[in-house]
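Observations on chain architecture
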Amino acid sequence: MLSRLAESFYWIGRFVERSEATARLLAEHHQLIIEDKRVTPAAGAEVLLEALSLEAPDPPIADPAALIRVVLGNPEEPSTVSGSVHAARENARAIRDALSGEVFEALNSVDMRLTLAVGKADIRSPGVLLYGVLERLAVVHGVIDWTSPRDEGYLFLRLGRSLERIDMTARLLTMHHDAMWPESGPVAMLRATGALHAFLRGRNPMSGEQVRGFLVLDPLFPRSMLGSSRIAEDTVRALESQGS
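Because the structure is a prediction, the values reported are computed rather than measured.

Moving on, we come to the overall build of the chain. Secondary structure assignment for the chain yields twelve helices and zero strands. Written out in order from the N terminus, the α and β elements of the chain read α-α-α-α-α-α-α-α-α-α-α-α. The C-alpha atoms of the chain give a radius of gyration of 18 Å, which matches the 18 Å a tight globule of 244 residues would have. Seen through its C-alpha atoms, the chain measures out along the principal axes to roughly 55 × 45 × 25 Å. In the chain, which comprises 244 residues, the proportion classed as buried is 49%.

This is the structure in structure tokens:
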């Protein structure tokens, strides 16, 4: 496979996963800020921006709505929701001949939705917006799995997705939601990774320590750091076998 094709597939996987993880984290973190006033909006915004490696605006963020606008971002900021979606779409556009039309159209649909949302002066229902984006990204994941041959391109995409999951789960854990919001923080951590149902099935006590252990070491949950690393390792072995 040409290196430029492999690179684009890899970054499509990373950027799609980054946009989904960032949208989930933003939705849950925003909810914590508006529901529990023990942490000020400014302090809550600071910890999220630091975890996402986003530069804090000047003047500092003072209300949750401003945090939504910053993390939604714009197409030129690849660490934001809209920026990562746009970057995935641009990588897909560069290799359209190697992708199914359904994959490109699904990515283009999310990109257009976010462009319209970011252009609005007032984001009145961030939860509705963010979960709408997550639903469309779920379609992107589904279309990729339904229409992509299991060749080197798909494997590079899966490798990028797995590595990005490790990175985003690590960023979530650095925020210490369980310390800032002892009652609701552990649940928010699980919801931000789509892990609440899987965690509850294990009948584990809902504590920060248990949640952290699950998100790092659970071997069966695909977004745990261990689960993602195993998928990445299997993918590298598959690439080796296809190249031999």
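Glancing now at the pattern of salt bridges. As enumerated under the stated definition, the model contains 15 salt bridges in all. With a closest N to O distance of 4.0 Å, Asp145 and Arg150 form a salt bridge. For Asp145, a relative accessible area of 31% corresponds to the partly exposed category. Taking the shortest distance from any N to any O, the salt bridge between Asp178 and Arg212 comes out at 3.2 Å. Of this pair, Asp178 sits in helix α8 (residues 177-180) while Arg212 sits in helix α11 (residues 208-217), and the two are 34 residues apart along the sequence. Classification of Asp178 by relative accessible area gives buried; the value is 19%. Through salt bridges with shared partners, a single network forms among Glu17, Glu20, Arg24, Arg165 and Arg223.

What counts and how
Residues numbered from 1 in each chain as written. Predicted model: local features only at pLDDT ≥ 70, side-chain atom pairs only at ≥ 80, totals over all residues. Heavy atoms only, no water. Helix = DSSP H or I, 4+ residues; strand = E, 2+ residues; numbered from the N terminus. Rg over C-alpha atoms; globule rule 2.2 N^0.38 Å. Buried < 20%, exposed > 50% of the residue type's maximum accessible area, 1.4 Å probe, protein only. Salt bridge = Lys/Arg side-chain N within 4 Å of Asp/Glu carboxyl O.

Coordinates in, geometry out; function isn't part of it.
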